[in-house]
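Observations on the model geometry
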Amino acid sequence: MLNVKLFHMDTFIPTHYEEAIQPRMKISQDKLQNGTGAGSDFTGWVHLPRSYDREEYGRIKAAAAKIQSNSKALVVIGIGGSYLGARGVVECLCSPNYNLKKKNTPNIYFVGNGLSSEAMGEVLDLLGDDDFSVNVISKSGTTTEPAVAFRFFRAKLEEKYGKAGAGERIFATTDKARGALKSLADAEGWETFVVPDDVGGRYSVLTAVGLLPIAVAGVDIDALMRGAAQMMDVCVQEGYEENPAWRYAAIRHELYRTGKSVEILACYDPAFRFMSEWWKQLYGESEGKDGCGLFPASVEFTADLHSMGQYIQQGKRLMFETVVRFGDSARQLEVPRDDLDGDGLNFLAGKSMDFVRDRATEGTLLAHTEGGVPNVIVEAGEKNAENLGALIYFFEYSCGLSGYLLGVNPFDQPGVEAYKKNMFALLGKPGYEDRKAELEAKLGK
């Protein structure tokens, strides 16, 4: 079972903080469980691992099997919560080099998450003449980045298969009843899956938003959901010993209250990189408002110990680290012996890479703690679908608790709209004409 450990935390904060914060924690727990807090219209994810739509879940599996049978590639079009969770799970469980591996599942390309012509063109080139399908993910269908990308890949599909044939290869994950993408999908007869009304994008990885691409990659989504359901049963409990989400939310809040402003998520597995990206959106959008909130950052150890390590060790004392630790690797390698021992590492000969990694982890924990950086350890167990499902739900639930402890709505993101309004005006979108001249003047155009 997932466990949260505090590494020599008594040197940084008072030991009675859990007792002091407990009344507010119980209030936050009640808000999540009963949907009585700010943003309660978007807390459908809280009970999702056991209350999800079984009929749609079956269709997700059938669609994944269809894509696996007729496509060499799946193009996933989405931005933010519409792709980060899925990519994180695929890379964590299947490898960051998933598309380069010999396998019996399609390559997966994630597009529509930026506005780079070169990146878009490269994926079009990589597809070549291969059979492919598209999963376009957008609640509204009008978000600029994915909507632009969909135009390119829909055109490529229709050019290759004709309009009717293309329609058999387009899967739209969108609003259940309204919006530009839903209307288009209904008119064209594309198969659709639902972005639930009560689940915000960054909490949606365990819905069709994430599950379809994850299933196409061959990940056992039954195990993923089973792990999330098990963690859901844990998180319904009250108490720091019983509920790891309470412990994590409490220590984050106390460290923030006592002056820390940055939380660094660290993992000693390169495959965790996009899970960290998903985590950064989850906490950044949920807490970063009203002039407050921890800034979420991430590092990949041990690589970043040779780049960011100096600042973490001796820079400004504004951060703490949360370290995700997995158990034994599925593949075990031992360090070879070298007769010349020119690098002086024969003392490691015969030792497993896991052994070396774990000693590096422990050495870093000691060094950073002694250097004034508090460390929280999230022990996630063996790296598999069930444990990753539990970890996803754990981070989501902890985030909801953290937002309520902070006194903000953890489920809205009003600040995201600011750049969009300026971008629309500068692009000349109808209805923004008055704003365009003002912005161009500020830019010196």
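Presented here is an overview of the structure given in this document.

Rules of the game
Residues numbered from 1 in each chain as written. Predicted model: local features only at pLDDT ≥ 70, side-chain atom pairs only at ≥ 80, totals over all residues. Heavy atoms only, no water. Pairing = 2+ DSSP bridges. Helix = DSSP H or I, 4+ residues; strand = E, 2+ residues; numbered from the N terminus. Axes fitted to C-alpha atoms, helices over the stretch in contact; angles between N-to-C directions. Core = buried A, V, L, I, M, F, W, Y, C linked by side-chain atoms within 4.5 Å. Buried < 20%, exposed > 50% of the residue type's maximum accessible area, 1.4 Å probe, protein only. Contact = heavy atoms within 4.5 Å. Arc of directions from axis to C-beta. Salt bridge = Lys/Arg side-chain N within 4 Å of Asp/Glu carboxyl O. 1 Å grid on protein atoms, 1.4 Å probe; cavity = no way out; pocket = protein on both sides within 12 Å on 5 of 7 lines; lining within 4 Å. Points joined across faces, edges and corners; volume = space filled by probe spheres on them. Nonpolar A, V, L, I, M, F, W, Y, C, P; charged D, E, K, R; others polar. Right-handed = clockwise from strand over helix to strand, strands pointing away.

In this section: the sheet that holds strand S1 (residues 3-7). Strands in a sheet are paired, the pairing made by backbone hydrogen bonds, and the direction either parallel or antiparallel. Read from one edge of the open sheet, five strands run S1-S10-S9-S7-S8, paired in mixed fashion. Here the strands that pair on one side only, and so sit at the sheet edges, are S1 and strand S8 (295-300). Between one strand axis and the next, the sheet turns through 25 degrees on average, direction left out of account. As defined by bridge partners, strand S7 (residues 262-267) adjoins S8 across six bridges and the pair is classed as parallel. Each bridged residue has a counterpart across the sheet, and for Glu263 the counterpart in S8 is Pro296.

Among the nonpolar cores identified, the biggest contains 93 residues, and Val324, Leu391, Phe394 and Phe395 are the most heavily contacted of them. Looking at this core element by element, the count peaks at 13 residues for helix H14 (residues 385-406). The contact partners of Phe394, leaving out residues within four places of it in the chain, are Leu2, Val4, Met231, Pro244, Ala245, Tyr248 and Val378. Of all hydrophobic cores here, the second largest spans 21 residues; its members include Tyr109, Val136, Leu157 and Ile170.

Below, the discussion takes up helix H7 (residues 180-188). Residues Leu181, Lys182 and Ala185 constitute the buried set of H7. An end-on view of H7 places all buried positions within 100 degrees of arc, on one side of the element. Backbone geometry just downstream of H7 places Gly189 in the positive-phi region, at approximately 80 degrees.

Strand order in the open sheet formed by five strands is S3-S2-S4-S5-S6, with parallel pairing between adjacent strands. Every interior strand has two partners, whereas the edge strands, strand S3 (107-111) and strand S6 (191-194), have only one. The average undirected angle you get between the axes of adjacent strands in this sheet is 20 degrees. Sheet analysis places strand S2 (residues 73-77) next to S3, joined by five bridges and oriented parallel. Across the sheet, the residue bridging to Val75 is Tyr109, located in S3. Along the sheet, helix H3 (residues 54-70) contacts S2, strand S4 (132-137), strand S5 (170-174) and S6; its crossing angle with S6, the most-contacted strand, is approximately 135 degrees. Against the sheet, H7 makes contact with S4, S5 and S6, and its axis sits at roughly 145 degrees relative to S5, the strand it touches most.

What follows concerns the pattern of salt bridges. For the coordinates displayed, the defined rule picks out 31 salt bridges. Two residues, Arg154 and Glu188, come together in a salt bridge whose shortest N-O distance is 3.4 Å. Taken together, the residues Arg154 in helix H6 (residues 144-167) and Glu188 in helix H7 connect sequence positions 34 residues apart. Residue classification places Arg154 among the buried positions, given a relative accessible area of 18%. Each of Lys139, Asp175, Lys176 and Asp197 takes part in a single network of salt bridges with overlapping partners.

The next point concerns empty space enclosed by the protein. If you roll a probe as big as a water molecule over the atoms, it shows you where there is empty space left. Within the structure shown, the criterion is met by one cavity of 30 Å³ or more. By volume, the largest cavity is sized at about 60 Å³. What lines the largest cavity is simply Arg252, His253, Tyr256, Glu287, Gly293, Leu294, Ser402 and Leu406. Those elements that place two or more of their residues in the lining of the largest cavity are helix H10 (244-257) and H14. When residues of the lining of the largest cavity are assigned to their parent elements, the largest contribution, three residues, is made by H10. Here the residues of the lining of the largest cavity sort into three nonpolar, three polar and two charged.

By the criterion of burial, strand S9 (residues 319-326) is predominantly enclosed, with eight of the eight residues buried. Where S7 and S9 come together, six bridges link them in parallel fashion. Bridge pairing links Val262 to Met319 in S9. Sheet analysis places S9 next to strand S10 (residues 375-381), joined by six bridges and oriented parallel. Among the inter-strand pairings, Val324 is bridged to a residue of S10, identified as Val378. Note that the unit made of S9, helix H13 (residues 353-370) and S10 has a crossover that is right-handed.

The amide bond that connects Phe301 to the next residue, Thr302, takes the cis arrangement and shows omega of 10 degrees. Inspection of the secondary structure assignment puts Thr302 in the loop between S8 and helix H12 (309-314). A positive phi angle, near 115 degrees, is found at Ser95, a position not held by glycine. Among the structural elements, Ser95 can be located in the loop between helix H4 (84-94) and S3. Residue Ser95 is classed as buried on the basis of its relative accessible area, which comes to 16%.

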